[in-house]
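Breakdown of the fold
For reference, the chains in residue letters:
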Amino acid sequence: MTVSGAWRRTARGAGLLADDGSVAASIFAEMSALAVRTGALNLGQGFPDEDGPPEVLEAAQRAIRDGMNQYPPGRGLPVLRDAIARHQKRFYGLDLDADRQILVTAGATEALAATILALLEPGDEVVTFEPFYDAYGGLIALGGGIHRTVPLRAPHFQPDLDELRAAVTDKTRLILINDPHNPTGAVFSAETRALIVELAHRHDALIVTDEVYEHLTFGAAHVPISTLPGAWERTITISSGGKTFSTTGWKVGWLSAPAHLVTAILAVKQFLTYVNGAPFQPAMAVGLDLPDSYFTGIADVLRSKRDTLAEGLIRAGFTISVPQGSYFIVADARPLGYAHGADFCRALPGLAGVVAVPISAFCSPAHRHEYASLVRFAYCKTTDVLTQATRNLAALAPA
């Protein structure tokens, strides 16, 4: 089967197709395959290597046994939508109509895809920070949009507010924000959040927030943009249970927004997955209703894991940026003599039995050189794995 010329050009520009028309292999697939081939510890891909809370797992098993194995409603099972509404009220003071303002999706990625495809017209501009989660560039291109970026620079990875002002114009349709941020681990400042709302009003743009790491912050409370004055009516808030409950393979996500925006997004979503994860939806509802101690506990455990890996990276000779949230820590390989993170990551399994991914994989071709020596390590692994990884990495330390 051939791909049409116009779509081929778009897909190539987004990095979805190789020059020969085949699906382009991602650096994540390459690094994970390298980990399998070499037996190296995989700190490249951001998935936990231990299961989530027993209550959640048992709820899914119970739902399967009880016969909840057919199509759920298009908007998601009421039990989960009600739990999402309770969660947003409990943690952020937001009052949501579970029947009209919430949509369950096949993970946060489908929520992003359906939102972008529903709300973007060809030629519209989308502003994101850079580096950016790799799906953003591909989805914007598939929607016919023009991707504009605002750089986040080490070590703190906070945007320059003047550069943000310059990027958002009357051509901007969507301002897409990932907070806490993948891959840098940054949590954005109150000034940044307020300016995003101000710019959205000034230029009549919509705000899309990717908040999948909302409960995984360390000393910096997560504040959804939709809670800011004047933000709710133009914000689509996206999250999922995969990161919070260590169930990334279940692919259960959700979004909340004013009813007319949810309806527009549902019109696209129904032709993507239609529905998904029937027995996992009531299990996610159980997770969202867990006590506060669960949510503070997972952040505390992850903070300890972050610190373990951070100390090991410093001892190995890296310069690091200490993240305020997410699963990831950014390290600079230049002190170890590597100017190119991709080359370093390909060599790392042989050098230390560890796999990471280069930050350049999260950047547009025009800006990859600015992040060339930076690499991302994931610390969402067992303490034993992280301890062994730090021992391995010690072999890199200058004599």
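Fair warning: this is a prediction, and the values are worked out from it, not measured in the lab.

1. Considering the domain arrangement of the protein chain
Looking at the assigned domains, one finds that the protein chain contains domain 1 (8-51 + 294-395) and domain 2 (54-289). The distance between the C-alpha centroids of domain 1 and domain 2 comes to 24 Å. Together domain 1 and domain 2 conceal approximately 2,900 Å² of surface at their shared face, both sides included; 65% is due to carbon and sulfur atoms. Looking only at domain 1, the three residues that lose the most surface to domain 2 are Phe295, Gln324 and Phe362, adding up to 24% of its buried area. Linking domain 1 with domain 2 are 0 salt bridges, by the criterion used here. Where domain 1 touches domain 2, the interface holds 13 residue pairs in polar contact (both at pLDDT 80 or more). Of all the elements in the fold, those that place two or more residues in the side of domain 1 that touches domain 2 are helix 11 (292-316), strand 10 (328-332) and strand 13 (374-378). Here the residues of the side of domain 1 that touches domain 2 are counted per class, giving 21 nonpolar, 8 polar and 5 charged.

2. What to know about helix 4 (residues 78-92)
Look at helix 4: 21 Å from first C-alpha to last across 15 residues, which is about the 21 Å you get at 1.5 Å a residue. Burial in helix 4 covers these residues: Leu80, Arg81, Ala83, Ile84, Ala85, His87, Gln88 and Tyr92. The secondary structure elements touched by the buried residues of helix 4 are strand 2 (102-105), strand 8 (253-256) and helix 10 (280-288).

3. Notes on the packing of helix 2 (residues 27-38) against helix 12 (residues 341-352)
Relative to each other, helix 2 and helix 12 sit at 15°, their axes nearing to 10 Å. In terms of orientation, helix 2 lies roughly parallel with respect to helix 12. With respect to the hand of their crossing, helix 2 and helix 12 are arranged in right-handed fashion. Judged by residue contacts, Ile27, Glu30, Met31, Leu34 and Thr38 of helix 2 engage Cys345, Arg346 and Pro349 from helix 12. Across the contact of helix 2 with helix 12, the residue classes break down as 5 nonpolar, 1 polar and 2 charged.

4. So, the side chain of Glu130
Along the polypeptide, Glu130 turns up in strand 3 (residues 125-130). In terms of polar contacts, Glu130 uses its side chain to reach the side chain of His367, at 3.1 Å. For Glu130, the contacting residues outside a window of four places in its chain are Thr149, Val150, Pro151, Leu152, Phe362, Cys363, Ser364, His367 and Tyr371.

5. Re unusual backbone geometry
Glu130 connects to Pro131 through a cis peptide bond whose omega is 5°. Topologically, Pro131 is positioned in the loop between strand 3 and helix 6 (134-142). With an omega of -5°, the peptide bond between Asp179 and Pro180 qualifies as cis. When you line up the elements, Pro180 lands in the loop between strand 5 (172-178) and helix 8 (190-202). Even without being glycine, Phe157 reaches a positive phi, approximately 55°. With respect to the helices and strands, Phe157 occurs in the loop between strand 4 (146-151) and helix 7 (161-167). Among the residues examined, Phe157 registers a relative accessible area of 2% and is labelled buried. The backbone of Asp204 sits at a positive phi, close to 55°, despite the residue not being glycine. Locating Asp204 in the fold gives a position in the loop between helix 8 and strand 6 (206-210).

Rules used in this analysis
- Each chain carries its own residue numbering, running from 1 in the direction its sequence is written.
- Totals for whole chains, interfaces and linings use all residues, but because this is a predicted model, local features are given only for residues with pLDDT of at least 70 and pairs of side-chain atoms are given and counted only at 80 or more.
- Excluding hydrogens and water, the side-chain figures rest on all heavy atoms present in the structure.
- The split into domains, and so the bounds of each, comes from an automatic or database assignment of domains.
- Put simply, buried area is the surface a 1.4 Å probe can reach on two separate parts but cannot reach once they are joined, added for both.
- Should a side-chain nitrogen of Lys or Arg be within 4 Å of a carboxyl oxygen of Asp or Glu, the pair is scored as a salt bridge.
- In protein, a polar contact requires one atom able to donate a hydrogen and another able to accept it; more generally it is a pair of N or O atoms within 3.5 Å, and residues adjacent in sequence count only if both atoms are side-chain atoms.
- Runs of H or I in DSSP of at least four residues are treated as helices and runs of E of at least two as strands, each being numbered from the N terminus.
- Under the scheme applied here, ten amino acids are nonpolar (Ala, Val, Leu, Ile, Met, Phe, Trp, Tyr, Cys and Pro), four are charged (Asp, Glu, Lys and Arg), and all others, including Gly, are polar.
- Working rule for helices: expected span equals 1.5 Å times residues minus one.
- Exposure categories follow from relative accessible area, calculated using a 1.4 Å probe and restricted to protein chains: below 20% of the type maximum is buried, above 50% is exposed, and the middle band is partly exposed.
- In what follows, residue pairs with any heavy atoms lying within 4.5 Å of each other are defined as contacts.
- Only the stretch in contact is used when fitting a helix axis, every axis being a line fitted to C-alpha atoms; angles between N-to-C directions are given from 0 to 180 degrees.
- Oblique is the label for any angle not covered by the other classes, which are roughly parallel (under 35 degrees), roughly antiparallel (over 145) and roughly perpendicular (65 to 115).
- Each crossing gets its handedness from the near helix: less than a right angle anticlockwise from the far helix is left-handed, clockwise is right-handed.

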